[in-house]
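Working through the structure, step by step
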Amino acid sequence: MSKFDFVSIDSSTGGNVLANTQLNRYFINMGFRKNSELVEIIDKSMEGSIVFTTGSGRYNLMLVGGVHGNELPSQAALIKLMDKIINDDINLKCKLHIIPFLIPESTMLNSREYCSRDMNRHAHVDGITKKVVDYAVSNNVTALCDCHTTDPDKKPGFASVFCSVRPFIQSMRIAKQICDDTSSRILPISEAGSVLQGAVEDESNLRGIPAVTCEAVSKVGCIDEGSVEFSYNQICSFLNYFGVL
Ligand SMILES: [Zn+2]
């Protein structure tokens with residue numbers, strides 16, 4: 001595994017993400033299974049929640065996918081980004097931390113929850129989402145993008161970017177750029193953590209790291225046509241905000 005270093009932040013969350021037939025079919029169709037370094041990365045998910053790092057530069061950026069295991073396009077979009085990095089299609093000018101599958105077991109099972117819990121309501125307490133923010137803080141991450149997918153029939157139901165005004169106005173500035181670039185709708189709140197508690201984005205903001213949550217649109221548990229590309233464009237826009245692509 002030459003392009004990426006890796007570290008496990010939880011060894012209890014592992015699962016075979018390729019047992020998710022939707023995801024596996026997409027990876028085969030995209031030719032990702034022919035990229036041996038990428039196959040190694042995908043297989044690492046059997047061992048738990050893995051952070052992959054690459055590059056260097058002024059900024060230290062973090063991308064997270066799979067907080068909700070059944071939101072497949074955003075996880076596939078991070079694998080697409082890693083494919084491009086491995087193939088030198090992208091000249092990255094930052095240190096990048098990528099978690100393509102935060103909870104591989106949930107991705108394998110195509111489940112929103114992990115151990116009957118919505119982990120995006122627990123980052124302030126314990127568990128794998130708190131470990132993400134702990135990792136980001138201890139590695140001096142500059143900004144974090146949590147990549148999700150929304151079902152068109154559920155909330156929010158449209159392409160969007162969540163952010164907060166306080167404590168970091170930068171959260172809103174990043175979100176605005178992503179919305180301008182991708183025709184997503186901005187969903188700002190005044191204060192991180194004031195609407196609900198324990199989201200990776202909110203907790204990251206509260207602990208000193210400007211963060212946003214991106215939502216692409218796809219039927220839950222599925223990869224709708226164009227949804228991976230949409231999520232990928234949101235991710236690229238986040239990276240472009242910092243001028244690192
Ligand atoms: Zn989600």
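Source: prediction; values computed, not measured.

Observations concerning the overall build of the chain
- What the chain contains, in helices and strands, is 8 helices and 8 strands.
- In terms of C-alpha radius of gyration, the chain reaches 16 Å, essentially the compact-globule figure of 18 Å for 245 residues.
- Each principal axis of the C-alpha atoms in the chain carries an extent, and together these give about 45 × 40 × 35 Å.
- A burial count over the chain gives 51% of its 245 residues as buried.
- The contacts of the chain with a sequence gap of at least 6 include a subset with a gap of at least 24, amounting to 81%.

Description of the sheet that holds strand E8 (residues 211–217)
- One open sheet accounts for 8 strands, arranged E1-E2-E4-E3-E5-E8-E6-E7; its pairing is mixed. Every other strand in the sheet has two partners, leaving strand E1 (5–10) and strand E7 (185–191) as the edge strands with one partner each. Adjacent strand axes in the sheet meet at a mean angle of 20° when their direction is disregarded.
- Two elements, strand E3 (residues 60–65) and strand E4 (residues 95–99), share 5 bridges in a ladder whose sense is parallel. Each bridged residue has a counterpart across the sheet, and for Met62 the counterpart in E4 is His97.
- This element, helix H6 (residues 169–182), spans strand E5 (143–150), strand E6 (160–166), E7 and E8 of the sheet and lies at about 155° to E6.

Here's the deal with the environment of Thr129
- You can see Thr129 is positioned in helix H5 (residues 128–138).
- As a C-alpha pair, Thr129 and Ile41 span 88 residues in sequence and 20 Å in three-dimensional space.
- Other than its neighbours up to four places away in sequence, Thr129 contacts Val67, Met119, Asn120, His122, Ala123 and Val200.

Focus: helix H8 (residues 227–241)
- For H8, built from 15 residues, the straight-helix expectation of 21 Å at 1.5 Å per residue is met to within 8% by its first-to-last C-alpha distance of 21 Å.
- With respect to burial, H8 is a largely interior element, 12 of its 15 residues being buried.
- In this structure, the buried side of H8 is in contact with E3, helix H3 (72–86), E5, H6 and E8.
- Among the residues trailing H8, Gly243 stands out with phi positive, at a value near 65°.

With respect to the packing of helix H2 (residues 36–43) against H3
- Taken N-terminus to C-terminus, the directions of H2 and H3 make an angle of 145°; their axes are 9 Å apart at the nearest point. Classified by chirality, the crossing of H3 by H2 is right-handed. Each of Glu37, Leu38, Ile41 and Ile42 in H2 lies in contact with H3, whose residues at this interface are Ile79, Met82, Asp83 and Ile86.
- Residue classes in the contact of H2 with H3 are distributed as 6 nonpolar, no polar and 2 charged.

Some points on the nonpolar core
- One finds Val64, Met82, Val132, Leu144, Val212 and Ile235 to be the most contacted residues of the largest nonpolar core, which totals 71 residues.
- A per-element tally of this core places H3 first, with 9 residues.
- Each residue touching Leu144, except ones within four places of it in the same chain, is listed here: Met62, Val64, Ala136, Ser204, Ile209 and Ala211.

Some words on the packing of H6 against H8
- For the pair H6 and H8, the least separation of the axes is 9 Å and the interaxial angle reads 130°. It follows that H6 is oblique to H8 by the angle criterion. Handedness of the crossing formed by H6 with H8: right-handed. Contacts between H6 and H8 pair Ile174, Gln177, Ile178, Asp181 and Thr182 from the former with Phe230, Asn233, Gln234, Ser237, Phe238 and Tyr241 from the latter.
- When grouped by side-chain class, the residues that make up the contact of H6 with H8 number 5 nonpolar, 5 polar and 1 charged.

Concerning the environment of Gly15
- Along the chain, Gly15 falls in the loop between E1 and helix H1 (21–29).
- A sequence separation of 186 residues divides Gly15 from Glu201, and the C-alpha atoms of the two residues are 24 Å apart.
- When neighbours within four sequence positions are excluded, Gly15 is seen to be in contact with Ser45, Pro104, Glu105, Thr107 and Met108.

Points about unusual backbone geometry
- Of note, the bond from Lys155 into Pro156 is cis; its omega dihedral lies within 30 degrees of zero at -5°.
- Relative to the helices and strands, Pro156 is located in the loop between E5 and E6.
- A cis amide bond links Arg166 with the next residue in sequence, Pro167, at an omega value of 5°.
- By the element assignment, Pro167 lies in the loop between E6 and H6.

Calculation criteria
- Residues numbered from 1 in each chain as written.
- Predicted model: local features only at pLDDT ≥ 70, side-chain atom pairs only at ≥ 80, totals over all residues.
- Helix = DSSP H or I, 4+ residues; strand = E, 2+ residues; numbered from the N terminus.
- Rg over C-alpha atoms; globule rule 2.2 N^0.38 Å.
- Buried ≥ 20, exposed ≤ 12 C-beta atoms within 10 Å, placed from the backbone.
- Contact = placed C-beta atoms within 7 Å.
- Pairing = 2+ DSSP bridges.
- Axes fitted to C-alpha atoms, helices over the stretch in contact; angles between N-to-C directions.
- Expected span 1.5 Å × (residues − 1).
- Left-handed = near helix turned anticlockwise from the far one by under 90°.
- Nonpolar A, V, L, I, M, F, W, Y, C, P; charged D, E, K, R; others polar.
- Core = buried A, V, L, I, M, F, W, Y, C linked by C-beta atoms within 7 Å.
- Parallel < 35°, antiparallel > 145°, perpendicular 65-115°, else oblique.

Everything listed here is a matter of geometry and, on its own, says nothing about what the molecule does.
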